[in-house]
Amino acid sequence: MGWDKLATTWAVFQGLLIGALPFLLIGVGIASLVRWFSPAGGWLRRLPADPLLGPLTGAALGFALPACECGNVPVARRLIASGAPMATAFGFLFAAPVLNPIVLASTWAAFPDRPWLLLARPLAALAIALALASLLRLLPEAELLSDELLEERRLNQPLGKLSLLERRGGLLGERPQPPIGPQRMAAAEALGHGVREFLNLATLLVFGCAIASLVQTLVPRSWLLAVGDTPTLSILSLMLLAVLVSVCSSVDAFLALGFAAHVTPGALLAFLILGPVIDLKSLSLFGVVLRPGALALTVAGTAVVVLLICQWVNLWQL
Amino acid sequence: MGKSLATLKGLRGIYLGLWGALLLFSYSSERLNLLVRAPLQPVIGLAGVVLLLLAGLDMGLGQGRQRLPRRESASWLLGGMVALAMLLLPPEPSFSDLAASRGSGQMLQEEISFVLPAGQRSLTDWVRLLRAAPDPQLYDGDPVRISGFVLAVPGQPPQLARLLVRCCLADATPIGLPVRWPPGKPLPKANQWLAIEGVMGIESSDGQAHSLVLPNRISPTPRPKRPFEG
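Residues numbered from 1 in each chain as written. Chains lettered and ligands numbered in written order. Predicted model: local features only at pLDDT ≥ 70, side-chain atom pairs only at ≥ 80, totals over all residues.

### Let's talk about the overall build of chain A
Counted only if it meets this: Each helix is a run of H or I in the DSSP string that is no shorter than four residues. Each strand is a run of E no shorter than two, and both are numbered from the N terminus. The burial criterion counts other C-beta atoms lying within 10 Å of a residue's C-beta, which is placed from the backbone; the residue is buried at 20 or more, exposed at 12 or fewer, and partly exposed between these limits.
Within chain A, the regular secondary structure consists of 15 helices and zero strands. Relative to its 318 residues, chain A shows a buried fraction of 54%.

### Some words on the overall build of chain B
Let me state the cut-off plainly: For every residue pair, C-beta atoms are placed from the backbone, and the pair is scored as a contact if these atoms sit within 7 Å.
Along chain B, the regular secondary structure elements total six helices and six strands. Shown N-terminal to C-terminal, the secondary structure of chain B runs as helices and strands in the order α-α-α-α-α-α-β-β-β-β-β-β. Expressed as a percentage of its 230 residues, the buried residues of chain B come to 38%. Considering only residue pairs separated by 6 or more positions, chain B has 70% of its internal contacts joining residues 24 or more positions apart.

### A few points about the domain arrangement of chain B
All names here are of chain B. Spelled out, the test is: Domain extents, as shown, originate in an automatic or database domain assignment. As a working rule, the residues Ala, Val, Leu, Ile, Met, Phe, Trp, Tyr, Cys and Pro are called nonpolar, Asp, Glu, Lys and Arg charged, and the rest polar, with Gly in that last group.
On domain assignment, one finds that chain B holds domain 1 (2-92) and domain 2 (96-229). With seven residues of domain 1 in contact, the opposing surface of domain 2 contributes eight residues. Of the residues in the side of domain 1 that touches domain 2, the class split is four nonpolar, one polar and two charged.

### Concerning the interface of chain B and chain A
In this complex, chain B contributes 47 residues to the contact, which on the side of chain A involves 43 residues. The element best represented in the side of chain B that touches chain A is helix 3 (residues 41-61) of chain B, accounting for nine residues. Residue classes in the side of chain B that touches chain A are distributed as 29 nonpolar, 10 polar and eight charged.

### Structural notes on the environment of Leu201(A)
Residue and element names in this part refer to chain A. Tracing the backbone shows Leu 201 in helix 9 (residues 184-218). Expressed as a C-alpha distance, the spacing of Leu 201 and Leu 52, which sit 149 residues apart in the sequence, is 30 Å. Residues within four places of Leu 201 in sequence aside, it is in contact with Leu 24, Val 28, Val 73, Pro 74, Leu 285 and Val 288.

### Points about the nonpolar core
Our working rule: By definition, a nonpolar core groups buried Ala, Val, Leu, Ile, Met, Phe, Trp, Tyr and Cys residues that connect through C-beta atoms lying within 7 Å of each other.
One finds Leu24(A), Leu205(A) and Ala270(A) to be the most contacted residues of the largest nonpolar core, which totals 156 residues. Two domains each put at least three residues into this core: domain 1 (2-92) and domain 2 (96-229) of chain B. In this structure Leu24(A) touches Cys70(A), Gly71(A), Phe198(A), Leu201(A), Ala202(A) and Leu205(A), once residues within four positions along its chain are discounted.

### What about the environment of Pro178(B)?
Residue and element names in this part refer to chain B. Tracing the backbone through its elements, the reader meets Pro 178 in strand 3 (residues 173-178). Pro 178 sits in the partly exposed class, given 18 other C-beta atoms within 10 Å. For the pair Pro 178 and Val 153, spaced 25 residues apart in sequence, the C-alpha to C-alpha distance is 9.8 Å. Sequence-distant contacts of Pro 178, defined by excluding residues within four places in its chain, comprise Gln 159 and Leu 212.

### Observations regarding unusual backbone geometry
Residues and elements named next belong to chain B. Despite not being glycine, Glu 30 has its phi angle at roughly 65°, a positive value. Accessibility expressed as a C-beta count within 10 Å gives 11 for Glu 30, which makes it exposed. Even without being glycine, Asn 191 reaches a positive phi, approximately 85°. If you trace the backbone, Asn 191 turns up in the loop between strand 3 and strand 4 (193-205).

### Quick word on helix 2 (residues 53-60) of chain A
All names here are of chain A. Worth spelling out the cut-off: By definition, the arc is the one covered by directions from the helix axis to the C-beta atoms.
Among the residues making up helix 2, those that are buried are Gly 54, Pro 55, Gly 58 and Ala 59. End-on, the buried residues of helix 2 take up no more than an arc of 130°, which puts them together on one face. Of the surrounding elements, those touching the buried residues of helix 2 are helix 4 (86-95) and helix 6 (115-137).

### A look at the packing of helix 2 of chain A against helix 6 of chain A
Residues and elements named next belong to chain A. Short version of the rule: To obtain each axis, a line is fitted to C-alpha atoms, and for helices this fit is confined to the stretch in contact; angles are then taken between N-to-C directions over 0 to 180 degrees. Roughly parallel here means an angle under 35 degrees, roughly antiparallel means over 145, roughly perpendicular means 65 to 115, and every remaining angle is called oblique. Handedness of a crossing follows from how the near helix is turned relative to the far one, being left-handed for an anticlockwise turn of less than a right angle and right-handed for a clockwise one.
Running from amino to carboxyl end, helix 2 crosses helix 6 at an angle of 130°, the nearest separation of the two axes being 9 Å. Relative to helix 6, helix 2 is oriented oblique. Both helix 2 and helix 6 take part in a crossing whose hand is right-handed. Across the interface between the two elements, Gly 54, Pro 55, Gly 58 and Ala 59 from helix 2 touch Leu 126, Ala 129, Leu 130 and Ala 133 from helix 6. Looking at the contact of helix 2 with helix 6 residue by residue, the classes come out as six nonpolar, two polar and no charged.

### Considering the pairing of strand 3 of chain B
Residue and element names in this part refer to chain B. Put simply, the rule reads: The pairing criterion is simple: DSSP has to find at least two bridges between the two strands.
Counting buried positions over the six residues of strand 3 gives five, a clear majority of the element. Pairing between strand 2 (residues 156-164) and strand 3: six bridges, direction antiparallel. Among the inter-strand pairings, Leu 163 is bridged to a residue of strand 3, identified as Pro 174.

If you want it as structure tokens, here you go:
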């Protein structure tokens with residue numbers, strides 16, 4: 001790699017990371033507020049657990065957090081840790097990056113001449129969230145959630161739901177981080193957890209942005225756009241492009257505008273619905289929520305659902 | 001390794017402060033002009049201030065002085081080192097290199113409702129106009145005063161170009177105007193910033209006529225403070 005390429009990769013890395021950190025901060029801030037106001041879950045546990053209603057409720061929560069995928073991960077993690085139903089938390093995690101006002105407005109601004117896209121993008125995001133929530137329900141929680149998250153979730157679940165062996169803390173011995181004082185420490189503890197979470201996620205984001213910037217600079221975009229008018233290949237190549245470029249869902253429509261005229265409608269939709277769920281940047285963050293096996297299942301499930309939806313769009317639009 | 005990590009206990013606020021300092025410094029030093037579009041910059045500066053405040057609060061409350069798992073302290077140390085490296089090594093992207101890995105950009109607004117006088121149009125205005133109404137006869141002889149960086153185009157003479165950026169450098173896409181470079185002189189180096197004064201002309205290639213810039217005066221110019229267009 002020449003010096004110019006290295007310098008450009010470093011700049012793209014900085015652009016990606018510095019652009020994502022404020023949204024990560026917003027997400028961690030909301031998660032910390034949820035922890036502060038509802039430390040033991042409370043009303044979060046009463047959100048719908050129904051396989052249909054749960055993801056829809058989670059998706060609707062996206063309107064309360066107008067941020068892209070980086071900010072969603074800490075909030076979804078907090079929902080799960082507080083004992084909220086998985087269906088709602090996964091609905092939020094997978095659909096909210098598209099179903100928020102900023103993303104919908106930017107899609108409309110970029111493609112006013114394609115009204116079908118304004119409807120297809122949120123509907124497809126909902127379909128992906130429903131499919132993933134249903135798929136991940138098949139796994140037991142112990143195979144689904146990362147160790148730390150599983151432990152925290154079990155601490156916040158009603159005693160009747162778990163055996164003593166499943167619940168490793170909270171009944172016997174000390175809780176992992178005991179409160180020191182009744183009122184002042186509640187806020188201090190929430191702040192401490194928020195700071196810790198931000199630092200952990202920031203480092204993960206560093207890895208994601210490093211991989212994304214390397215791939216962005218080394219792989220010419222023309223390679224992925226070369227198969228523009230081939231129905232299936234165009235979808236697959238745009239899916240790959242969405243994973244590699246790792247841009248925020250709030251601006252990906254403007255990026256797609258650059259090649260929209262050269263690819264099939266299904267491929268365009270694939271770029272706009274896959275990127276907000278899976279990309280190199282967010283994959284590193286998902287590690288704080290899902291185990292590697294569950295993450296692989298999420299990636300495979302998303303790819304299949306996106307491919308099916310977009311094939312259907314190509315049949316309908318071409 | 002274990003000893004060095006053990007001494008990091010209690011430095012949580014400093015790591016957080018480093019990230020805050022990076023965001024705030026990037027904002028105040030105008031380094032962000034090379035990384036993200038203007039509308040996002042105040043958000044980044046504000047996030048930097050919030051992180052610094054939280055770091056001070058965290059250190060004041062003594063919350064960072066807890067025992068930490070070794071893996072977590074190593075992860076924070078790595079993050080802190082990256083933040084420090086970003087503070088010390090400013091971004092210096094090669095626009096031409098970046099453009100080479102991207103496709104040609106399409107404008108948000110391809111139809112023009114308002115057109116500036118020819119001499120006042122920027123390179124982006126010209127590209128927008130030529131895409132909205134590509135008939136080269138319409139612009140033949142119009143005065144041109146534009147600036148941009150030299151973009152190498154494989155198999156063709158270099159163009160004068162700008163980068164369109166919607167959010168950050170990651171979504172940058174190039175747009176360029178063909179230029180008839182003075183014959184007998186070496187072609188300009190890629191990535192160099194030039195200001196060109198001249199007129200719009202017509203050139204035929206592959207049986208099709210298209211517009212190109214016929215320069216009367218080409219002069220080097222410093223990279224603008226805000227080099228991206230949207």
